[in-house]
Amino acid sequence: MKSLRFYAILYLIFLYAPIALLPVFAFNDATIIAFPLTGFTTQWFTELPQIPALIDSVKNSLYIAVITALLSTLLGICASRAAAKYTFPLKKPIMGFIMVPLVLPEIIVAVSLLVILLQLGLSLGAWTVIMGHVLICTPFCIAILNSAFQNLDPSLEEAAIDLGESTWSTFRLITLPLVSPAIISALLISFTISLDEFIIAFFLTGTEPTLPVYLWSQLRFPARIPVVMALGTILVAGSVVLLIIAEIMRRRGLRRAGLKDSGGFL
Amino acid sequence: MTALIDLKNINKYYADYHALRDVSLEIAQGEFFSLLGPSGCGKTTLLRTIAGFEAPSDGTLHIAGVDMNGVPANARPTNMVFQSYAIFPHLSVSENVGFGLRKSALSASDKMNSVEQALEMVGLDGFGGRAAHALSGGQRQRVALARALILKPKVLLLDEPLSALDKKLREQMQSELRRLQRQVGITFILVTHDQEEALIMSDRVAVMFDGEIAQLADPQTLYKRPVSSKVGDFIGVMNFLPATVDNAQKITLDVAGLGPVTIDPEQAPSGAQTGAAQIGIRPEMMSLLFDGEPDRGQMTHATIKDRAYYGDMTYYDVSIKDVAQPITISMKNIIGRPVLEIGQATRVSWDARSLVLFSD
């Protein structure tokens, strides 16, 4: 038992140490990433906004992430609502197919999408990356939204209809407010996934790189590494904040529906 | 007078399952009507058919003379209190109660007044500002009632509304529901699996088994003259004894353990046929005679097998000659009457007028 616990602790250190080192070197006053640390500086952070290619990649990434989040959450709402409320032929295989990208290697998704897009003669750009990202983000959104829709007492909607509302106004007045925390949670998670995603973006991005693709290209220049570290620190901090908000929203949603927490992504 | 609700030959099939079998029913204006039966008997399906959440496979449903075929739930003159109460958790109490007024042409202040009146009616005045999730079970129940009654429906449908409450609160709500129904004069249709609740509250009760109405009667007839042993067994406690009908015209029969008797035609609600039959008798319709008490009525010797003391009553299981199953007899614990011991020999006094003959 003791050795198992030791192993678990080592494992966690191995997993998180690189991320912990990111801010350490981001504030270190040297271009070489090595101990001992030489001094404290915020120089790498102040250099960030002065690189136009970097700013462009951030804008590109944000644009892609926002559109991806909106599209995949919208698709997720439709799919989870359909799965919770209706029975239709081949429901299980269809839901299974939608969830497959969750376990499909991204490189496979990326290469096959690239081949198809090139065959269709489409030019690569932000929209092709969005297509790839929606594909991998939608299963996450469905996983989050599904539990919200499943946990919704069907008699709530029936009660609203019984009191004279139409199907659409019932959805707007009752269903949507009750699942809104899950919707916000799905938006944030898909936004984060899209923002961080590298492989699909790398294959499908064309001439306008996303932020992860740009970062990767900069690793070839040793002088740029501390700047990359600084950017990485900001990204990690931002992702953590977004994921925490997502989790808070998910829990609030459960509370609102008066349910017990049965575990989420965090 | 035509009935407020008129169901004719309603059938409902789910794939290969026959949920409602040829149900015909008329419910009058202002009646407190109960659908009683074990779970899966179709009582909730029937209620949801009246509400418009289920469409009958065939048959017709008229409410206040209007054919409800194709009329959606939100256009029917019915409102429902759901088993889970279905209180909207993100709205306050008054927003919940006033939900149905959203589309009405009333002014904002008129709406507020009717919400307050509705809350007052169910004893929740001053609760309007509370959040829905901060309410107790009994309060949620009252909010659900106020929300359904505020629209002044022709019919209020109640789907097992009291099953989630504890015993004390349930009894209190039972009498309040009755009072409320008399006060508003709206037809109430209650679905319940609790036979006691159905007897206490209803003007008439439809007992359902397997998608069919087994008996439709007022509570007293239902209890005293069940049409089948199944209904007799479901409503309260009933002892069954094998019997042989000797003469179907005069209705003379030989009852195991009790001997030959003659009964009134009224006591054979499903008719009498010569041959093997069953009689039913309620526990309180027999009594145990104590030492020194003189014989009265008809009498049979018995031995006490078991007893259960309830405070106000004692239930005895006694065995009588020629009958394998012990029969249950209840005695009121009045002053001077001892509680008998297990194994004690005793006499059972009974009256032929309390027997019911079942030909099934």
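Going by the structure above, here's the rest.
Parameters and conventions
The numbers attached to residues start from 1 for each chain and follow its sequence in the written order. Key to labels: chains lettered from A, ligands numbered from 1, both in the order written. For a predicted model such as this one, the threshold for reporting local features is a pLDDT of at least 70, and the threshold for listing and counting side-chain atom pairs is 80 or more; totals across whole chains, interfaces and linings nevertheless cover every residue. Water and hydrogen atoms play no part in the side-chain values, which are based on all heavy atoms of the structure. Each helix is a run of DSSP H or I of at least 4 residues and each strand a run of E of at least 2, with the numbering of both proceeding from the N terminus. Under the scheme applied here, a residue whose accessible area is under 20% of the maximum for its type counts as buried, over 50% as exposed, and between as partly exposed, the area being computed with a 1.4 Å probe on protein chains only. Here, two residues are considered to be in contact whenever any of their heavy atoms come within 4.5 Å of each other. All accessible areas in this document rest on Shrake-Rupley with a 1.4 Å probe, and a residue is counted as covered only by the protein chains that are shown. For this count, His and the chain ends are skipped, Lys and Arg are scored as positive, and Asp and Glu as negative. Here the site of a charge means atom NZ of a Lys, CZ of an Arg, CG of an Asp or CD of a Glu. We treat two strands as partners when DSSP finds at least two bridges between them. Helix axes use the C-alpha atoms of the stretch in contact, all axes being lines fitted to C-alpha atoms, and the angles between their N-to-C directions lie in the range 0 to 180 degrees. Angle categories are assigned with fixed cut-offs, so that under 35 degrees is roughly parallel, over 145 is roughly antiparallel, 65 to 115 is roughly perpendicular, and the rest are oblique. Left-handed describes a crossing in which the near helix is turned anticlockwise from the far one by less than a right angle; the clockwise case is right-handed. Side-chain classes follow a simple rule in which Ala, Val, Leu, Ile, Met, Phe, Trp, Tyr, Cys and Pro form the nonpolar group, Asp, Glu, Lys and Arg form the charged group, and the remainder, Gly included, forms the polar group.

Caption draft 1: Representation of the overall build of chain B. On a plain count of helices and strands, chain B comes out with 8 helices and 20 strands. Expressed as lengths along the three principal axes of its C-alpha atoms, the size of chain B is roughly 75 × 45 × 40 Å. The 360 residues of chain B split such that 50% are buried. Excluding contacts between residues fewer than 6 apart, the proportion of contacts in chain B whose partners are at least 24 apart in sequence is 67%. Summing over all exposed atoms, chain B offers an accessible surface of approximately 16500 Å²; the carbon and sulfur share of this is 50%. For chain B, the distance from the average site of its 35 positive side-chain charges to the average site of its 41 negative ones is 5 Å.

Caption draft 2: Inspection of the side chain of Arg48(B) at higher detail. Note that Arg48(B) resides in helix α1 (residues 43–51). The class for Arg48(B) is buried, based on a relative accessible area of 17%. Residues in contact with Arg48(B), not counting those within four places in the same chain, are Glu158(A), Phe53(B), Glu54(B) and Met80(B).

Caption draft 3: Broad picture of the sheet that holds strand β13 (residues 259–262) of chain B. Residue and element names in this part refer to chain B. The strand order across the open sheet formed by 5 strands is β13-β12-β11-β14-β20, and the pairing between neighbours is antiparallel. Pairing within the sheet leaves two strands with one partner each, and these edge strands are β13 and β20 (356–358). Taking the axes of each pair of neighbouring strands and ignoring which way they run, one obtains an average angle of 40° across the sheet. In this structure, strand β11 (residues 239–247) lies alongside strand β14 (residues 275–281), joined through 7 bridges in antiparallel fashion. Across the sheet, Phe 240 pairs through a bridge with Gly 280, a residue of β14.

Caption draft 4: Inspection of the packing of helix α7 (residues 154–162) of chain A against helix α8 (residues 167–196) of chain A at higher detail. Residues and elements named next belong to chain A. At a minimum axis distance of 9 Å, the contact between α7 and α8 shows a crossing angle of 155°. For the element pair α7 / α8, the angle class is roughly antiparallel. Classified by chirality, the crossing of α8 by α7 is right-handed. Residues Leu 156, Glu 157, Ala 160 and Ile 161 of α7 touch α8, and the partners they reach there are Thr 170, Ile 174, Thr 175 and Leu 178. Class assignment of the residues belonging to the contact of α7 with α8 gives a composition of 5 nonpolar, 2 polar and 1 charged.

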